[in-house]
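# Observations on the model geometry
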Amino acid sequence: MYHLERFLRADPTSRLGVLISALLLLWSPRLSMRVAICLLACVSVGGVSVLTLQPPLLVPRRGRPVCMQQPPQLNELVTAISADGSISAKAAVTTPLVAEAAIFQGLGGLAAAALGRALTCSLLVAEGLKEDETFQVRFSGDGPLRGVMATANGKLESKGYVGNPAVTLPPNAMGKFDVGAGVGKGVLQVVRTKHLPGEEVPTPYASITEIRSGEIPEDINWYLAESEQKEGALAAGVYVQGESVGTDRNAQESSAARVLAAGGWYVQLLPFADDEVVERLQVNLKAMADKSPTTMIRDGMGAEDILQLLLDGLDPQILSRATPPSLQDSCACGTDRILRTLRLLPRSEVGRPRPPATPPLHTLPCARPPPHAGCAPFGPATHPPSFS
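Everything numeric in this text was worked out from a predicted model, so none of it was measured. (Residues numbered from 1 in each chain as written. Predicted model: local features only at pLDDT ≥ 70, side-chain atom pairs only at ≥ 80, totals over all residues. Heavy atoms only, no water.)

## Here's the deal with the packing of helix H4 (residues 95–105) against helix H5 (residues 109–126)
- The interhelical angle for the contact between H4 and H5, taken along N-to-C directions, is 135 degrees, at an axis separation of 10 Å. As judged from the angle between their axes, H4 and H5 are oblique. The interaxial crossing formed by H4 with H5 has right-handed handedness. Between H4 and H5, the residues in contact are Leu97, Val98, Ala101 and Gln105 and Ala112, Leu115, Gly116, Leu119 and Leu123, respectively.
- Grouping the constituent residues of the contact of H4 with H5 by class yields seven nonpolar, two polar and no charged. (Axes fitted to C-alpha atoms, helices over the stretch in contact; angles between N-to-C directions. Helix = DSSP H or I, 4+ residues; strand = E, 2+ residues; numbered from the N terminus. Parallel < 35°, antiparallel > 145°, perpendicular 65-115°, else oblique. Left-handed = near helix turned anticlockwise from the far one by under 90°. Contact = heavy atoms within 4.5 Å. Nonpolar A, V, L, I, M, F, W, Y, C, P; charged D, E, K, R; others polar.)

Following this line, the structure appears as structure tokens:
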């Protein structure tokens, strides 16, 4: 009786929405459930009918664990400089980017941590380059991950992959993912493309150095210090918990580690840095020793908040704020690219081309890489409860 009186007192638009919902449920309960839920969310506020469309909750299927939808979040990268101009700093929150990579490639926890660190570090180093200049890292180690690659350009577009996305290892002594053991011993190859005076196309420059720890940020920072004489500190992390289910770019269901936080920071000393400023920076870094990037992000801090901690007492000046695009927006895959590749082959090796009946499969690093011999197949992996 209460609900009937409430229905009769409602405005005509609300009553109409309820009636349509009831008819849809009676006609086809299975197909019309989402529409009915949206219409039933019609409420009357001050005599004005307001239709509140809320995304439906994910329903577990066949007993598989499914995470609830999270509030939307954007990638962000903020740069700053100390008041005297002697220290530059960058901070990034890449949680959506790494979560997208995990779903696209079906990454387990260890692979998500390794690739997420590499993507974040590449973005931090590539920030400030010209749009078509790039920074690429490739870890070729003997560990079970079978290699990690990430690249980013001046537009902050990024992509990357790991050789074995489903590998699992016991946590390290600190209770975190043992990325170092997953990468193993080997070499780190860094490729930069730079614009030289008088040239229209960027020129690639490659460097090779030994993998020291395999933890990704440490090795990249060693390279920057030794090969490019850039003194500073680099940190990146990924925090995962449980498992999520999504769809990769080939429209296939993909089970992957659930990424809850990812990001990092990079601080660099400029050649004329004053000793007092350097000492103050060292004090700040020691104060942040127990605060990993993912801990700060899970505590609600953004990229600018992290910069304030890095440059505390140095009067930081914000230089730029950017939103790195998603992997899907960064992807250059397409029919045109495939046709350009086919044009490089001899005519005798190429038959008469036919228009594709379906959209081309995405097999570049931005999508799921092809399986390798001896690797575990794509699919659900066993993940530790939660690590960063």
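## With respect to unusual backbone geometry
- Phi is positive for Leu156, which is not a glycine, with a value near 65 degrees.
- Taking the relative accessible area as the measure of exposure, Leu156 reaches 6% and is therefore buried.
- One non-glycine residue, Gln229, lies in the positive phi region at around 50 degrees.
- Counting through the fold element by element, Gln229 comes out in the loop between helix H7 (217–227) and strand E10 (232–247).
- The exposed category is assigned to Gln229, whose relative accessible area is 59%. (Buried < 20%, exposed > 50% of the residue type's maximum accessible area, 1.4 Å probe, protein only.)

## Thoughts on the pattern of salt bridges
- Enumeration according to the criterion identifies eight salt bridges in this entry.
- Between Glu127 and Lys90 there is a salt bridge, with the nearest N and O atoms lying 3.5 Å from each other. Separated by 37 residues along the polypeptide, Glu127 in the loop between H5 and strand E5 (134–141) and Lys90 in strand E4 (residues 87–93) bring together distant segments of the chain.
- By relative accessible area, which is 21% here, Glu127 ends up partly exposed.
- Looking at Lys90, the relative accessible area reads 13%, which means it is buried. (Salt bridge = Lys/Arg side-chain N within 4 Å of Asp/Glu carboxyl O.)

## Describing the sheet that holds strand E7 (residues 158–162)
- Read across the open sheet, the five strands follow the order E7-E6-E5-E8-E9; overall the sheet is antiparallel. Two strands bound the open sheet, and with one partner strand each, they are E7 and strand E9 (203–210). In this sheet, adjacent strand axes meet at a mean angle of 10 degrees when their direction is disregarded.
- Across five bridges, the pairing between strand E6 (residues 148–153) and E7 is antiparallel. Counterpart to Ala152 in the pairing with E7 is Ser158.
- Most of the contacts of H5 go to E6, to which it runs at about 30 degrees, and overall it touches E5, E6, E7 and strand E8 (186–194). (Pairing = 2+ DSSP bridges.)

These results come straight from atomic positions and should not be treated as a statement about function.
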